[in-house]
Each structure stands twice: as structure tokens, then as C-alpha cells.
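Residue-level listing of the chains:
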Amino acid sequence: MKRKTTSFAVIPLLAALAAAAWSCADSHPEAPLPPTPGEEEQNPPTAPSEPVKGCGLWNDFAAGRSEMLPDFSYAGYAWGEKTLPEADYPVFNICDYGAVADDGKSDRRAFEAAVKAAIDGSRNGAVVYVPAGRFELHDASDPNTPIIIDCDNIVLRGAGRERSVLAMSAPGEALDGSLWNTPELLSFRYVRSRDDEQTRLTEITSPASCGSRDIEVASASGLSVGQRVLVRLAGDRRPETVAAELAPHPVDPEFSNLAAEGVKVAEYHTVMRVNGTRATLYEPLGHEIDPRGGWTLHAVFDRRGCGVEDLSFEGAFTEPFSHHKDALHDSGWRILTFLRQAHGWVRRCSFANVSEALSVMLSCNITVDDCSIEGNAGHSAIRSQASTNILIRDVADRSGQYHSVGVSKTASHTVLLRCEIGASSSFESHCSQPRNTLLDQCRGGLNPDHAGGDAALGPNHLRGLVLWNYTQESGTAGEFPLWKRNNRFVMPVIAGFVGTATFNPSETSALESLGTPVEPRSLYEAQLKLRLGR
């Protein structure tokens, strides 16, 4: 089953998206991407010196004969094909609705009033503007609920991350007695929930290979070009399916969730073409399809074109962090979530003294760019959780969160590009069946037992984990375990790794150029360039 690198024309799909209506209403489930005023070249990657030429893994991928490397080139806003937009929408300044900078009083009501005015006052999009100063959004007098932004094309913009501060001076309180279910400060989310039966469009009826874009369905009557859909495997419990996910490793009885609930896949895709009962997707499949497992296709309802930029978020978590000590430590200072979002972004933001900076959940094609986690170390950094094609680029975990940047649940095709991992930590890979994750030119710590997740929900990562030109600056000296309790990664690909750690080749799908970087320096950028013919 070889992954294909064939390109499709971008213009027809973007044209179909551009024909959709701008709306905050459910009656228009599809909206176009936000306007992009101009194209700019991405910043050139910072690369190690004297990389090895002629990387075999890359040569095989570029020639279309590789099944080792997933195609990560669709990650990010607008599938990586456009730069992030400078949204020129009507501006709603929170100070015009009663917020007062630096007065030590809660500005939550004023902030929420500005958000409501922005949603009500502009059909095509709006900017909620936070001027210079410190604005309190959660003190002891505020409710234990997140501030929710539920609309398309809303951009929360500050005057600069060194100038505009949104503060959380009191922690959230756990909702159910658990350690991790505490409300976040702010959430961009699609609120109206629908169960699986309400969103089900049809069954997938024929096998499809990993990397394919064509699927056969029982009925295509509910499909249209430009529509976002969820390709879903709810839980295939057949023993041969479970065994194939872990091969060549045996099925460990410790993986009780995998045995009880089966193999799960949830990938967000865009319909590019419909011909009879065949749907052609824009993005390649990240997992082969065996219709005997019960694969289905679902409608996706979400928000589009939302962004957060040029802000600092400050919590007040100052205790030395203790993992799973209590809800305060694990989740009391959660800041930002993107939930059911598409083609959005978070850029030029900092997060200080927090238990969790940002989670992108049940979303697709979000770019997180040029952000940092500062101050006192907490629980987690920035993650893709059960999302598809998320690009986390140039993020620095300077606080050293217990779990650094990474993935969780059924995340697929996540790219971590040029990220700095905390020195005493490691990248997050939090069990519950994540796949296809690229750590591309990342640097920092590589320490065992920091990936995250209960052993019963393991392994930490299924197939498709790629470490490409990773520079280890601290952590393990000697063999780094890839198949050990709380540190289980199914046959990763490692190329150009530089550091004190070594790996057992029998626990990898490929181990190339250990100790010396490889070309191309960035796998994601090379795959994107190859796909677009640039």
C-alpha cells in the first residue's frame, strides 16, 4: 500500500469554497476561507549545518514509491497553500464596551459585550480588539465557565504580545471531581452538538488504501464539492484488526481500551469531486479502509476562519508543578481551546504561568505559529487533540511543561515544525490512538515517561510517527525506549536524529542517518513544495 504523491488542481476546490455564503447560522454549514490579501514566502527553515545529501526515505517518497512517510503537506490553514490572512474586518474595541486596562477589576462583562456586538454587527467577519494594557477575564468573582466565541470569521487581536494582556488571576474549578475537567478561560467553539446518527451521511462500501483519495459510498446524495466530512471508524474490535495496528508488537493485555473498544479512526476531509457513488477527497487518507470494520462518512458542523493574534495570556499558577496532584495542578489554569474549528489560526501569542496553553480539538487545518509558553511550568503546552492536519510551527516551550507540544486521541497528520521542547520533558503523545505525527526540525528534551496517557489507553502513538532532523539537547543518554510501558510508539520513522539518545532498529520502521541531519531539512516544507510544484 504505497502512499501517493499525485497532485490535484487547487483552483476548483477553492472556487467551490468561495461560492459558499458567509454566515453564523446553521443553515449554511460551509463558509469560504477568510480573505488572503497576498501571498508571502514562508520564513526559510533554520537548518543544521552540513546535512547528508540523498536521504533514501525522501528519495523514495518523492518518486512515489514510499509507504514509510505519510504525506503531511496538507497541514495548516488553507492546507498550507496560502499564508495566514491579515483580516480587514470591522473592529470592536473592548474598551468601547466598558473594559478598563490595568485597574485590577474584572473586564469579563465588557469583553463578552464586545464579542456579542462583533457577532451581531458584522455578517462577513469582525475583529475583537484588545488594546495595550492588562485586562482581567477571570477573577474570584467571575463564573466558573469559559467565555465562548461561536461564530465564523471572528479574530481576537491585540496590540502585540508584549503590550496586550488577557489575565486569569483565579483558577477554574473542576466540574466533575476529575483532575482534568476544569473550564478553560476562552473557547472558540461550535456549540450545537449532534450525535453520530444525526451526522451520518452514508457507509463506506469498498476498501481503500492508505494515501488514496477515492472512497466508494453507499449513497452520495448528501455529498457536495467543498463539503467537510468525517471519515470514521467507530471501533473495529476484530482481533486481526487490533493485531495489525500494533504489529510487529504483540497485543499487550494492558491495552484494555483498545481491546474493549477496538480500533478507532476519525479524519476530517474535504470533498473534491463526486462521481456516482465515488467521492474524491482533497486530502489523502491516513489509514487504509476495510469496510468490514464499519467505516462511515459523516457531515461536519464547525466554525471557520477564526483567529487569535498578538496577545499575551497570563495565568497565576506559581506552585511547583506536581503531576496528578490535584485539579488545580492538572487543569486549573487552562487558557484557550479551539473546538470544532476549520481553517483558523493562533499566532504571535504567549502563555505564562498556565496548566495548559492551547488545545485544538475536533478541528482541522489550524495553524499555530510563533507562540511561546513562559513562566512557571504546568501540565501541558499546545496539542492537537482528535484533530486533522494541524500545523504547530515555531512554538517555544520555555516553561518546560510536563507534557510539551504534541498530540492526543485520534489526531492525524499533525506537524510540529521547528518547535522547542522543554529540557526536562518530551513531545506529547497522549494515547487514545493518535497517528501520523511529524516532528520536523524540533529541538530540546527527549525524556521517557512524559508522552502522557494512561497505560490502559495505550499505546502512546500508533503508526506514522516521524522524527525528522530532531536535535536532542537534554534527556536520555543511551537507548531511548520505543516500546516500554508509558513509552510505546508503534514503529516510528527516525531520520537525521542528533543527540545522546540511541534507538533499537527493531523498534523502528526506518532509522536513517543517526547522528547527522538529512536533506531536505524540513520534510513538511519539502512535501508541500513537491505537491504544489514550486
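What this report covers is the structure whose coordinates are included nearby. (Residues numbered from 1 in each chain as written. Predicted model: local features only at pLDDT ≥ 70, side-chain atom pairs only at ≥ 80, totals over all residues. Heavy atoms only, no water.)

**Let's talk about the environment of Ala316**
Mapped onto the elements, Ala316 comes out in the loop between β15 (307–314) and α7 (327–331). With sequence-adjacent residues up to four places away left out, Ala316 is seen in contact with Met168, Ser169, Trp333 and Asn353. (Helix = DSSP H or I, 4+ residues; strand = E, 2+ residues; numbered from the N terminus. Contact = heavy atoms within 4.5 Å.)

**Quick notes on the packing of aromatic side chains**
On inspection of all chains with the given rule, the structure shows twelve aromatic pairs. An angle of 90 degrees between the planes, with centres 5.6 Å apart, marks the rings of Tyr74 and Tyr282 as edge-to-face. Of this pair, Tyr74 sits in the loop between α2 (56–62) and β1 (91–93) while Tyr282 sits in the loop between β12 (278–281) and β13 (295–299), placing them 208 residues apart in sequence. What links up through ring pairs into an aromatic cluster is the set Tyr470, Phe480, Phe497 and Phe503. Over the ring of Tyr74 we find Arg531; its NZ or CZ atom is 3.7 Å from the centre of that ring. (Phe/Tyr/Trp six-rings, centres within 6.5 Å; stacked < 30°, edge-to-face > 60°. Lys NZ or Arg CZ within 6 Å of the ring centre and 35° of its normal.)

**Overview of the nonpolar core**
Phe111, Leu156, Leu186, Phe188, Val308 and Ile382 are the most contacted members of the largest nonpolar core, which has 69 residues in total. Counting residues per element, this core draws most heavily on helix α3 (residues 108–121), at six residues. With residues up to four places along the chain from it excluded, the contact list for Phe111 reads Ile94, Val130, Leu137, Ile147, Leu156, Leu166 and Leu186. Counting 26 residues, the second largest nonpolar core, distinct from the first, contains Leu233, Leu285, Trp483 and Val490. (Core = buried A, V, L, I, M, F, W, Y, C linked by side-chain atoms within 4.5 Å. Buried < 20%, exposed > 50% of the residue type's maximum accessible area, 1.4 Å probe, protein only.)

**Quick notes on α3**
Look at α3: 20 Å from first C-alpha to last across 14 residues, which is about the 20 Å you get at 1.5 Å a residue. Of the residues making up α3, those classed as buried are Arg108, Ala110, Phe111, Ala114, Val115, Ala117 and Ala118. (Expected span 1.5 Å × (residues − 1).)

**Some thoughts on the sheet that holds strand β9 (residues 214–216)**
Taken together, six strands build an open sheet; the order of strands is β8-β13-β10-β11-β12-β9 and the sheet is antiparallel. Each edge of the open sheet is held by one strand with a lone partner, namely β8 (200–203) and β9. Across this sheet, the average inter-strand angle for adjacent strands is 40 degrees, counted without regard to direction. Summarising the sheet, β8 and β13 pair through three bridges and their orientation is antiparallel. Pairing of Arg200 across the sheet is with His298, part of β13. (Pairing = 2+ DSSP bridges. Axes fitted to C-alpha atoms, helices over the stretch in contact; angles between N-to-C directions.)

**Side note on the pattern of salt bridges**
Tallied over the entire structure, the rule returns 39 salt bridges. With its nearest N and O atoms 2.7 Å apart, the salt bridge here joins Arg531 to Glu81. Note that Arg531 is positioned in helix α8 (residues 523–532) and Glu81 in the loop between α2 and β1, a separation of 450 residues in sequence. We classify Glu81 as buried; its relative accessible area is 8%. For Arg228, the salt bridge identified is with Asp302, shortest N-O distance 3.0 Å. One end of the pair, Arg228, is in strand β10 (residues 228–236); the other, Asp302, is in the loop between β13 and β14 (303–304), with 74 residues separating them in the sequence. Salt bridges sharing partners connect three or more residues here, namely Glu184, Arg189, Arg334, Glu356, Arg383 and Glu428. (Salt bridge = Lys/Arg side-chain N within 4 Å of Asp/Glu carboxyl O.)

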